[in-house]
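# Notes for the structure review
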Amino acid sequence: MTQDPTIQHQLRAIVDAARERRAEDVVVLDLTDVSSTLEYFVICTATAGLQLNAVQENIREKAQAAGLPRPSVEGPSERWLLLAFGGSVVVHIMTKDAREYYDLEGLWSDARVLDFPEIHA
């Protein structure tokens, strides 16, 4: 399946923004073939509190600069924050414990994982 270059650019902006704030284990799932309502999940791990907030702020800023709409925010809690950019991209910023507990990658194991290698300056 050929990917829209605009969504690729937007997903790359989100992945890079998460990594800039030291989020770990950033994964992008393509849900277009396995869900009728969801398109992409970006899942990453951050420590609670300050880092979770820093990751969220940077993603929000960079995603909007890449053309995504202003996100709705679910949560926030000390363990998990969700940013929904319209119906196309949902970002889950989770602590390690929450990520292991909810196991979104396992739940959506039939989704395709998209590769966004780290860019080293």
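Conventions and cut-offs
- Residues numbered from 1 in each chain as written.
- Predicted model: local features only at pLDDT ≥ 70, side-chain atom pairs only at ≥ 80, totals over all residues.
- Heavy atoms only, no water.
- Helix = DSSP H or I, 4+ residues; strand = E, 2+ residues; numbered from the N terminus.
- Buried < 20%, exposed > 50% of the residue type's maximum accessible area, 1.4 Å probe, protein only.
- Expected span 1.5 Å × (residues − 1).
- Contact = heavy atoms within 4.5 Å.
- Polar contact = N/O pair within 3.5 Å; in protein donor to acceptor, adjacent residues only side chain to side chain.
- Phe/Tyr/Trp six-rings, centres within 6.5 Å; stacked < 30°, edge-to-face > 60°.
- Pairing = 2+ DSSP bridges.
- Core = buried A, V, L, I, M, F, W, Y, C linked by side-chain atoms within 4.5 Å.
- Salt bridge = Lys/Arg side-chain N within 4 Å of Asp/Glu carboxyl O.

### Examining the environment of His-9
Relative to the elements of secondary structure, His-9 occurs in helix 1 (residues 5-20). You can call His-9 partly exposed: its relative accessible area is 48%. Note: C-alpha distance between His-9 and Ala-63 (54 residues apart in sequence) is 9.4 Å.

### Notes on helix 1
Think of an α-helix as 3.6 residues a turn; residues three or four steps apart then line up on the same face. In this model, helix 1 (16 residues) spans 22 Å end to end at C-alpha, consistent with the 22 Å of a helix rising 1.5 Å per residue. Burial in helix 1 covers these residues: Ile-7, Gln-10, Leu-11, Arg-12, Ala-13, Ile-14, Val-15, Ala-17, Ala-18 and Arg-19. Buried residues along helix 1 sit against strand 1 (24-30), strand 2 (40-45), helix 2 (50-65), strand 4 (80-85), strand 5 (89-94) and strand 6 (112-114). With a side-chain oxygen positioned 2.8 Å from the backbone nitrogen of Thr-6, the residue opening helix 1 is Asp-4. Arg-22 occupies a position one or two residues after helix 1 and carries a positive phi of about 65 degrees.

### Side note on the packing of aromatic side chains
Taken as a whole and assessed by the stated rule, the structure comprises three aromatic pairs. Note on Phe-41 and Trp-108: the rings are 5.8 Å apart at their centroids and 80 degrees apart in plane angle, and the pair reads as edge-to-face. In this pair, Phe-41 is assigned in strand 2 and Trp-108 in the loop between helix 4 (104-107) and strand 6, connecting sequence segments 67 residues apart. Like Phe-41, the residue Trp-108 is buried in the burial classification.

### Observations regarding the pairing of strand 1
Burial runs high along strand 1: five of the seven residues are buried. Relative to strand 2, strand 1 runs antiparallel, the two sharing five bridges. Residue pairing across strands places Glu-24 opposite Thr-45, the latter belonging to strand 2. With three bridges connecting them, strand 1 and strand 6 associate as antiparallel partners. For Leu-29, the partnering residue across the bridge sits in strand 6 and is Val-113.

### Re the nonpolar core
Counting 26 residues, the largest nonpolar core has Leu-11, Ile-14, Ile-59, Phe-85, Val-89, Val-91 and Ile-93 as its most contacted members. The set of elements that each furnish at least two residues to this core consists of helix 1, strand 1, strand 2, helix 2, strand 4 and strand 5. It is helix 1 that provides the largest number of residues to this core, a total of six residues. Non-local contacts of Leu-11, meaning those with residues more than four positions away in its chain, are made with Val-28, Tyr-40, Val-42, Val-89, Leu-114 and Phe-116. Judged by nonpolar contacts, the second largest core, of 13 residues, contains Leu-31, Met-94, Leu-104 and Trp-108.

### Some remarks on the pattern of salt bridges
Following the criterion strictly, the structure yields six salt bridges and no others. The salt bridge partner of Asp-16 is Arg-12, with a shortest N-O separation of 2.9 Å. Placement of the pair is Asp-16 and Arg-12 together in helix 1, with a separation of four residues, close to one helical turn. On the basis of relative accessible area, Asp-16 is assigned to the partly exposed category, the value being 23%. Glu-100 is the salt-bridge partner of Lys-96, the closest N and O atoms lying 3.0 Å from each other. Linking Lys-96 with Glu-100, this pair stays in helix 3 (residues 96-102), spanning four residues, or about one helical turn. Sharing partners across several salt bridges, the network here consists of Asp-25, Arg-99 and Glu-105.

As far as function goes, none of this settles anything; it's purely spatial.
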